[in-house]
Number of protein chains: 4
Amino acid sequence: MRSELGYSTTDRVFVRGKDLCAELMGHVDLGTMSFMHLTGRMPQSGEARVFNALALTLIEHGMTPSAIAARMTYAGAPESMQAAVAAGLCGLGSVFVGSSESAAALLREALSDSDDPRSLDERAAAIVAEARRHQRQIPGIGHPIHRPVDPRTVRLFEIASESGFSGRYVEMMRAIHRAVERDKGRPITLNATGAIGALCCELDLPAAACRGIAVIARAIGLVGHLLEEARSPLAVDLWLQTDRQVSVRPAALD
Amino acid sequence: MRSELGYSTTDRVFVRGKDLCAELMGHVDLGTMSFMHLTGRMPQSGEARVFNALALTLIEHGMTPSAIAARMTYAGAPESMQAAVAAGLCGLGSVFVGSSESAAALLREALSDSDDPRSLDERAAAIVAEARRHQRQIPGIGHPIHRPVDPRTVRLFEIASESGFSGRYVEMMRAIHRAVERDKGRPITLNATGAIGALCCELDLPAAACRGIAVIARAIGLVGHLLEEARSPLAVDLWLQTDRQVSVRPAALD
Amino acid sequence: MRSELGYSTTDRVFVRGKDLCAELMGHVDLGTMSFMHLTGRMPQSGEARVFNALALTLIEHGMTPSAIAARMTYAGAPESMQAAVAAGLCGLGSVFVGSSESAAALLREALSDSDDPRSLDERAAAIVAEARRHQRQIPGIGHPIHRPVDPRTVRLFEIASESGFSGRYVEMMRAIHRAVERDKGRPITLNATGAIGALCCELDLPAAACRGIAVIARAIGLVGHLLEEARSPLAVDLWLQTDRQVSVRPAALD
Amino acid sequence: MRSELGYSTTDRVFVRGKDLCAELMGHVDLGTMSFMHLTGRMPQSGEARVFNALALTLIEHGMTPSAIAARMTYAGAPESMQAAVAAGLCGLGSVFVGSSESAAALLREALSDSDDPRSLDERAAAIVAEARRHQRQIPGIGHPIHRPVDPRTVRLFEIASESGFSGRYVEMMRAIHRAVERDKGRPITLNATGAIGALCCELDLPAAACRGIAVIARAIGLVGHLLEEARSPLAVDLWLQTDRQVSVRPAALD
């Protein structure tokens, strides 16, 4: 059993082998530090810019299920803000957040065989045909509000390009997007989770890091929600309204 | 019921009234964004530097109870990294993390009366005497490893000073520290949570934000632990060793 | 480090010193087993009846904040029902559930001095006067719906009485209730958390067990909610409605 | 949006259409109530006995990962027992608890075609061959300690048989067990999760209820652990020992 993440002596603290006080505090921002903690190496400046942008994308999305869960929890246990954030994080699973992880996995798989003679568009067409055959959704495609363009995707790809991190994974994701549109015969959104999946691959982050970045970003967003809930509570009103609307009186009471 | 945190239209996403894609992504780092999300205003550059340093301080402390809880959870449910982070956050309560919040509250209280004619040292002496009378601990004082100096405190105060955010709350915290040392008649550590409490006051963050920053920082740290656990697992070994050492055979088996 | 809760050998499993398969499974119900696991001793049959009734009281209260949090979490991570229950439990803190624990503590304190010459009504009057002086609420008193009588309190006290567990703590709780009514000059509810606090004392359960029983009962209730959510989902609709009602468009969009 | 679980009026509380105070409290035990809350119908007495036994089986297994996570959390936030239970529940995922759910799904699938002309042993052999071909584990088979017999399986099947709930799903599970043994050419354990999966099918519980029962049972077990942790703490010692053993000094310190 060994862990190489952190260590303290009487007068120094080390994080991943770096002296926290001398080398990190005051020198690097929170995104750079997060990249370093997740990967074990300092990012180049372009990498840090892309990573910071990725994380920013996911911080806040309004009154999401995860924000509602956190606020409901805080209403019952305001002495435990940490548990309210925890409650909000528990729902970042397969439905709302998992798709960036799935997109990353799909892209890695699509580009795993360096001897594959097919063009990216040919591979994309095969992926889409396969998904159609199994009635599977392609991760990173579609959005209920941002149609036909997700502005976060545009911006993420722009930043990646400016920073020198727009490579084969981004190309592959775009090819898959084109193939889906051809298959459906209409415009469809390449959403932010698709872009994030591609950029996690470009940064060579481990697969699980996609979800990790989402968890970090949402933790920040949830703290924002809870500070607002502390200033201007809405959970109790929402609860009372919901209970009234939803609960069904038993027949015995009619 | 209203929330002013976030809002989306077809082609734009707003976070606290700012256009996420145009004004934030690619322009600000994760610490600056976090400050903005928690307070509703963009930090000045000195503030962003202090805030980033605060958050960095708390990310990683080795194999803490919170890291152990997260790894144990991940071992049972590797498909739910978010729930493992949540489990790790749940323990950031009164014992290990709450003291920065208590320190901030103590400092605000100590400086709440602007007409108080006493010097900071006189007020500090009164606070220490009161705590002694009620056998209460002073938050932010003492450390099991970093003795007699916590290097993180030194560095945080240095950064605050360089950035123009070393004001009356830092002075008050130092005065309390001196008063405790006089009271005990020996050197004792002014620890990082005391420094963080003081700097949260200097940045004029709401009281609950102290714990919020800790939660954000530890979420980052926990993701680092879980990525390490995925690469090189230790939870199952730790479990088996613990169960063997700890569980007591019933008398019936002797 | 030692734990006396459980132990396994090749062909037997022990829980608190009892042989799970031979002595417990098929012989005792879940409430009896819970009592045994929490206290280390088998309940008498009257105790088991009171304990089962206590636990039943708290299982289900409609679409509470905790149920909403659990359902929101399940909507995002249906592969992790356990994390949705966890999210729902996180809010069982000081506001909604803590009062039975506080009532138990108040009753133990009120009856701690066996030499106290005052009658229960005199002690109750002193408690109410003290609470009024510090503007503190008395735990276990008041209810928004069940006015002026909480039917669960009536039933719990009835079961306790039939089972031989209506003793001095129940008397003390009733005396406090009378004192509050005299103080306010109007009827006010003695609610279920007050009754539960009193009965936990009658069963001689440790203080923390009050909250423990609530956690167990709510875990059962939350599983019921999640099975309903799986059959007939409402979380996503509730989310969309909430986001629409609550989120405020930034001025820039007007 | 509608929920049929619970409803309150001024003087009555309904749970799944039954009057809580008049029909349930004092009349039914916690296992019976849980069955009723999960399924919407009162169990026959045999069903209640099987259900109680199922739930009892899973309450306590010594110092498991989930118990360690809960205790670590409690050490940091003793004011939030509910969050410590939540942390412990978060790890009841695919690795340790999911197998009863998988076993139930396998059995339902195996018996879904009532026109299947093959014997149970023939179907079992086909299932085992298929699993071998895809290198998949069969759920409910194998155990590190209880070899070659899990005493809980024996007892569960005995109770089911006595209660009139040993039907085709139990037979099918036994047939699969025999087929695995034939395939491996040696005895191998039919473990408790396999038995539980089969009995959940016999009771006609919805698929997700398997995990739900485990969550309920473990919530009870975790409360037991936390009450022990409150009486006789071990988490901090375990933490300090772990941190010392596990954390690796950076090379800079050698």
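Residues numbered from 1 in each chain as written. Chains lettered and ligands numbered in written order. Predicted model: local features only at pLDDT ≥ 70, side-chain atom pairs only at ≥ 80, totals over all residues.

Some details on the overall build of chain A
Here is step 1 of the chain: The secondary structure content of chain A amounts to 12 helices and three strands.
Here is step 2 of the chain: Along the first, second and third principal axes, the C-alpha atoms of chain A reach 70 × 65 × 35 Å.
Here is step 3 of the chain: Taking all 254 residues of chain A together, 61% fall into the buried category.
Here is step 4 of the chain: Here the analysis covers contacts within chain A between residues at least 6 apart in sequence; of these, 75% occur between residues at least 24 apart. (Helix = DSSP H or I, 4+ residues; strand = E, 2+ residues; numbered from the N terminus. Buried ≥ 20, exposed ≤ 12 C-beta atoms within 10 Å, placed from the backbone. Contact = placed C-beta atoms within 7 Å.)

Brief notes about the domain arrangement of chain A
One frequent convention defines the size of an interface as the accessible area lost when the parts assemble.
Here is step 1 of the chain: Along its sequence, chain A is carved into domain 1 (1-42), domain 2 (59-93 + 216-236) and domain 3 (98-202).
Here is step 2 of the chain: Summarising the inter-unit geometry, the C-alpha centres of domain 2 of chain A and domain 3 of chain A are found 31 Å apart. (Domains from an automatic or database assignment.)

Details of helix H4 (residues 65-76) of chain A
Here is step 1 of the chain: Between the first and last C-alpha of H4 of chain A there are 17 Å, a value that for 12 residues agrees with the 16 Å anticipated at 1.5 Å per step.
Here is step 2 of the chain: Of all 12 residues in H4 of chain A, 12 are buried, a share of seventy percent or more.
Here is step 3 of the chain: Turning to H4 of chain A, its buried residues number three or more, namely Pro65, Ser66, Ala67, Ile68, Ala69, Ala70, Arg71, Met72, Thr73, Tyr74, Ala75 and Gly76 of chain A.
Here is step 4 of the chain: In this structure, the buried residues of H4 of chain A make contact with helix H5 (81-89), helix H11 (209-231) and helix H12 (235-246) of chain A together with helix H4 (65-76), helix H5 (81-89) and helix H12 (235-246) of chain C. (Expected span 1.5 Å × (residues − 1).)

Some remarks on helix H5 (residues 81-89) of chain B
Residues spaced three or four apart along an α-helix face the same direction, because each turn holds 3.6 residues.
Here is step 1 of the chain: Of all nine residues in H5 of chain B, nine are buried; the element is thus mostly enclosed.
Here is step 2 of the chain: For H5 of chain B, the full list of buried residues reads Met81, Gln82, Ala83, Ala84, Val85, Ala86, Ala87, Gly88 and Leu89 of chain B.

Section: the relation of the copies chain B and chain C
Two copies of a chain can be linked by a rotation about an axis combined with a shift along that same axis.
Here is step 1 of the chain: Screw-axis analysis of chain B against chain C gives a translation of 0.0 Å along the axis, an RMSD of 0.0 Å, and a rotation angle of 180 degrees. Between the two chains, the operation in question is that of a two-fold axis. Taking C-alpha positions as the reference, the residue of chain B nearest the rotation axis is alanine 83 of chain B, at 3.1 Å.
Here is step 2 of the chain: Looking at chain B, 100% of its interface residues are interface residues in chain C too, so the copies touch through the same face. (Least-squares fit on C-alpha atoms with pLDDT ≥ 70 in both.)

Details of the sheet that holds strand E3 (residues 18-19) of chain C
Residue and element names in this part refer to chain C.
Here is step 1 of the chain: Taken in spatial order, the three strands make up an open sheet running E1-E2-E3, and their pairing is antiparallel. The open sheet has two edge strands, strand E1 (6-8) and E3, and neither has a second partner.
Here is step 2 of the chain: Judged from the two bridges that link them, strand E2 (residues 13-15) and E3 form a sheet pairing that is antiparallel. Across the sheet, residue valine 15 finds its bridge partner in E3, namely lysine 18. (Pairing = 2+ DSSP bridges.)

Observations concerning the packing of H4 of chain C against helix H11 (residues 209-231) of chain C
Residues and elements named next belong to chain C.
Here is step 1 of the chain: The interhelical angle for the contact between H4 and H11, taken along N-to-C directions, is 45 degrees, at an axis separation of 10 Å. In terms of their interaxial angle, H4 and H11 are classed as oblique. Of the two possible hands of crossing, H4 and H11 adopt the one that is right-handed. Contact residues: H4 offers Ser66, Ala67, Ala70, Arg71 and Tyr74, while H11 offers Arg218, Leu222, His225, Leu226 and Glu229.
Here is step 2 of the chain: Taken together, the residues of the contact of H4 with H11 sort by class into five nonpolar, two polar and three charged. (Axes fitted to C-alpha atoms, helices over the stretch in contact; angles between N-to-C directions. Parallel < 35°, antiparallel > 145°, perpendicular 65-115°, else oblique. Left-handed = near helix turned anticlockwise from the far one by under 90°. Nonpolar A, V, L, I, M, F, W, Y, C, P; charged D, E, K, R; others polar.)

A closer look at the sheet that holds strand E1 (residues 6-8) of chain B
Residue and element names in this part refer to chain B.
Here is step 1 of the chain: On the basis of which strands lie adjacent, the open sheet formed by three strands has the order E1-E2-E3 and antiparallel pairing. Since the sheet does not close on itself, it has two edges, and those belong to E1 and strand E3 (18-19), each with one partner.
Here is step 2 of the chain: Two elements, E1 and strand E2 (residues 13-15), share three bridges in a ladder whose sense is antiparallel. Bridge pairing links glycine 6 to valine 15 in E2.

Things to note about the interface of chain B and chain C
Here is step 1 of the chain: Each side of the interface is counted separately: chain B has 22 residues, and chain C has 23 residues.
Here is step 2 of the chain: For the side of chain B that touches chain C, the elements supplying multiple residues, two or more each, are E1 and helix H12 (235-246) of chain B.

Some remarks on the packing of helix H2 (residues 30-39) of chain C against helix H2 (residues 30-39) of chain D
Here is step 1 of the chain: Across the interface, H2 of chain C lies against H2 of chain D with an axial gap of 5 Å and an inter-helix angle of 120 degrees. Regarding the angle of H2 of chain C to H2 of chain D, the classification is oblique. Note on element contacts: H2 of chain D touches H2 of chain C through Leu30, Gly31 and Ser34 of chain D, opposite Leu30, Gly31 and Ser34 of chain C.
Here is step 2 of the chain: Across the contact of H2 of chain C with H2 of chain D, the residue classes tally to two nonpolar, four polar and no charged.

Here we look at the relation of the copies chain B and chain A
Here is step 1 of the chain: Expressed as a screw transformation, the operator carrying chain B onto chain A has a rotation angle of 180 degrees and an axial translation of 0.0 Å, and the superposed copies differ by an RMSD of 0.0 Å.
Here is step 2 of the chain: Same-surface contact between copies: 99% of interface residues of chain B are shared with the interface of chain A.

Here we look at the confidence of the model for chain A
Here is step 1 of the chain: The predicted model of chain A averages 94 in pLDDT, with 98% of residues at 70 or higher.
Here is step 2 of the chain: Interface confidence in the predicted complex, given as ipTM, is 0.95; pTM for the same model is 0.96. (pLDDT = per-residue confidence, 0-100.)

Looking at the environment of glutamate 181 of chain C
Residue and element names in this part refer to chain C.
Here is step 1 of the chain: Tracing the chain through its elements places glutamate 181 in helix H9 (residues 168-184).
Here is step 2 of the chain: In this structure the C-alpha to C-alpha distance between glutamate 181 and isoleucine 145, which are 36 residues apart in sequence, comes to 18 Å.
Here is step 3 of the chain: Ignoring sequence-local partners within four residues, the contact set of glutamate 181 consists of Arg186, Pro187 and Ile188.

With respect to the interface of chain B and chain A
Here is step 1 of the chain: With 71 residues of chain B at the interface, the matching set in chain A holds 70 residues.
Here is step 2 of the chain: With 15 residues, helix H11 (residues 209-231) of chain B is the largest single contributor of residues to the side of chain B that touches chain A.
Here is step 3 of the chain: Split by residue class, the side of chain B that touches chain A holds 40 nonpolar, 20 polar and 11 charged.

Structural notes on the environment of methionine 33 of chain C
Residues and elements named next belong to chain C.
Here is step 1 of the chain: Relative to the elements of secondary structure, methionine 33 occurs in helix H2.
Here is step 2 of the chain: With 31 C-beta atoms counted inside 10 Å, the residue methionine 33 sits in the buried group.
Here is step 3 of the chain: When the C-alpha atoms of methionine 33 and proline 43 are compared, they prove to be 8.8 Å apart, with 10 residues separating the residues in sequence.

Re the nonpolar core
Here is step 1 of the chain: Counting residues in hydrophobic clusters, the biggest one holds 371 residues, and the most contacted among them are Val85 of chain A, Val85 of chain B, Val85 of chain C together with Val85 of chain D.
Here is step 2 of the chain: For valine 85 of chain D, the contacting residues outside a window of four places in its chain are Leu89 and Val215 of chain C together with Ala70, Ala219, Leu222, Val223 and Leu226 of chain D. (Core = buried A, V, L, I, M, F, W, Y, C linked by C-beta atoms within 7 Å.)

Digging into unusual backbone geometry
Here is step 1 of the chain: Proline 148 of chain A follows arginine 147 of chain A through a cis peptide bond whose omega is 0 degrees.
Here is step 2 of the chain: Here proline 148 of chain A lies in the loop between helix H7 (120-133) and helix H8 (151-162).
Here is step 3 of the chain: For arginine 16 of chain D, which is not glycine, the phi torsion reads 50 degrees and is therefore positive.
Here is step 4 of the chain: For arginine 16 of chain D, the position within the fold is in the loop between strand E2 (13-15) and strand E3 (18-19).
Here is step 5 of the chain: For arginine 16 of chain D, a count of 22 C-beta atoms within 10 Å puts it in the buried group.
Here is step 6 of the chain: Even without glycine at this site, glutamine 135 of chain D takes up a positive phi of about 50 degrees.
Here is step 7 of the chain: A tally of 6 C-beta atoms within 10 Å means that glutamine 135 of chain D is categorised as exposed.

Looking at the environment of methionine 172 of chain B
All names here are of chain B.
Here is step 1 of the chain: Mapped onto the elements of the fold, methionine 172 is located in helix H9 (residues 168-184).
Here is step 2 of the chain: Judged by the 22 C-beta atoms lying within 10 Å of it, methionine 172 is buried.
Here is step 3 of the chain: The spatial distance from the C-alpha of methionine 172 to the C-alpha of isoleucine 188 is 16 Å, given a sequence separation of 16 residues.
Here is step 4 of the chain: Those residues in contact with methionine 172 that lie beyond four places of it in its chain are Leu107, Ala110, Leu111 and Leu120.

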